[in-house]
Amino acid sequence: MKPSWSIISIISRFVAVAIGLVQSIIIIKYLTVGEWGLVKIVTSVVAMAGVFQNLGISSGATREIAATKDNSEASKVFFGALSVRYLISIPIALYFIFGANYLGEFYGHSDIIKPFRIFGIIVLLQTLQSTLKSFIQGKERFRFLFSSQIFEALLSLFLHIYFLSKFGFIGVFYALLGFTLISVLVLALSVAYFVTSDF
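In what follows, the accompanying structure is described. (Residues numbered from 1 in each chain as written. Predicted model: local features only at pLDDT ≥ 70, side-chain atom pairs only at ≥ 80, totals over all residues. Heavy atoms only, no water.)

1. Let's talk about the overall build of the protein chain
In plain terms, the rule: Helical segments are the DSSP runs of H or I of at least four residues, strand segments are the runs of E of at least two, and each set is numbered from the N terminus. In this setup the radius of gyration rests on C-alpha atoms only. A globule is expected at 2.2 Å times the number of residues raised to 0.38. Relative accessibility thresholds used throughout: buried, under 20% of the residue-type maximum; exposed, over 50%; partly exposed, between the two (1.4 Å probe, protein chains only). Between two residues, a contact is recorded if the distance between any of their heavy atoms is within 4.5 Å. Exposure was quantified through the Shrake-Rupley algorithm and a 1.4 Å probe, taking into account, for residues, occlusion by the shown protein chains and nothing else. Asp and Glu count as negative and Lys and Arg as positive, but His and the ends of the chain are not part of the count. Where a charge sits is defined by one atom per residue type, namely NZ (Lys), CZ (Arg), CG (Asp) or CD (Glu).
Each helix and strand counted, the protein chain has eight helices and zero strands in total. Relative to the compact-globule value of 16 Å for 199 residues, the protein chain shows a C-alpha radius of gyration of 18 Å, a close match. For the protein chain, the C-alpha atoms occupy an extent of roughly 55 × 35 × 25 Å along the three principal directions. For the protein chain, the proportion of its 199 residues judged to be buried stands at 43%. Expressed as a percentage of contacts within the protein chain between residues at least 6 apart in sequence, the contacts between residues at least 24 apart total 79%. Roughly 11,000 Å² of accessible area belongs to the protein chain as shown, and the carbon and sulfur atoms make up 70% of that amount. Distance between charge centres in the protein chain, computed from 15 positive and 9 negative side chains, equals 5 Å.

Okay, here's the thing in structure tokens:
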């Protein structure tokens with residue numbers, strides 16, 4: 001990577017983190033202490049499951065794609081990595097969707113049942129999202145990656161403000177779902193464009 005890209009990377013990350021801090025402050029302002037605690041319960045459980053979801057597959061796929069000679073080889077690596085990740089992600093997603101009632105009883109809060117089910121869908125989308133990013137990183141589309149960091153941070157901020165103001169506590173999870181869905185669509189269209197533009 002050229003030095004200029006390193007500087008751009010630092011700046012884009014700094015801006016994205018700053019926007020993320022503003023988002024956290026806004027979420028805390030909208031939610032009660034109890035609701036914030038429920039959000040942390042759900043996200044902590046999902047984060048623990050996420051440890052098993054990745055297992056270094058994304059970083060491995062990035063290296064393999066970077067070493068490929070053409071888009072045909074890169075596509076094989078992409079779909080191979082995606083298949084392996086879904087073998088892991090689908091059981092996790094199904095557990096959150098169908099085991100949400102049990103998790104609600106276990107933590108003693110029925111309010112977290114729906115958020116866990118929403119996260120079941122998000123897990124499936126995040127698998128595709130992460131693998132698409134691996135493809136873009138492997139193809140060294142750094143300008144897109146760094147600019148998308150700021151775009152994603154702004155999108156997340158907007159969606160959280162909108163859904164929190166409309167739905168309150170559950171709006172946090174609607175915002176996460178909406179953000180992940182839009183991100184997947186943008187990444188998929190971008191990958192399609194990069195692949196076709198290389199021919």
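2. Some words on the environment of Glu152
Put simply, the rule is: Identification of polar contacts relies on pairs of N or O atoms within 3.5 Å, with a donor-acceptor requirement for protein atoms, meaning one able to donate a hydrogen and the other able to accept it, and with residues adjacent in sequence counted only if both atoms are side-chain atoms.
Note that Glu152 resides in helix α7 (residues 142–167). Side chain to side chain, Glu152 and Lys133 meet in a polar contact 3.3 Å long.

3. As for the environment of Phe96
Structurally, Phe96 can be placed in helix α4 (residues 71–98). In this structure, the C-alpha to C-alpha distance between Phe96 and Phe119, residues 23 residues apart in sequence, is 6.9 Å. The contact partners of Phe96, leaving out residues within four places of it in the chain, are Val45, Val46, Ala49, Leu103, Phe116, Arg117, Gly120 and Val123.

4. Remarks on α4
Going by this rule: One less than the number of residues in a helix, times 1.5 Å, gives the span that helix is expected to have. Note that bend, as reported per residue, equals the angle between axes fitted to the 7 residues terminating at that residue and the 7 residues originating from it.
Here α4 is 28 residues long and its end C-alpha atoms lie 38 Å apart, about the 40 Å a rise of 1.5 Å per residue gives. The largest bend along α4 reaches roughly 30 degrees and is located at Tyr86. Regarding α4, the residues found buried are Asn71, Ala74, Phe78, Ala81, Leu82, Arg85, Ser89, Ile92, Ala93 and Phe96.

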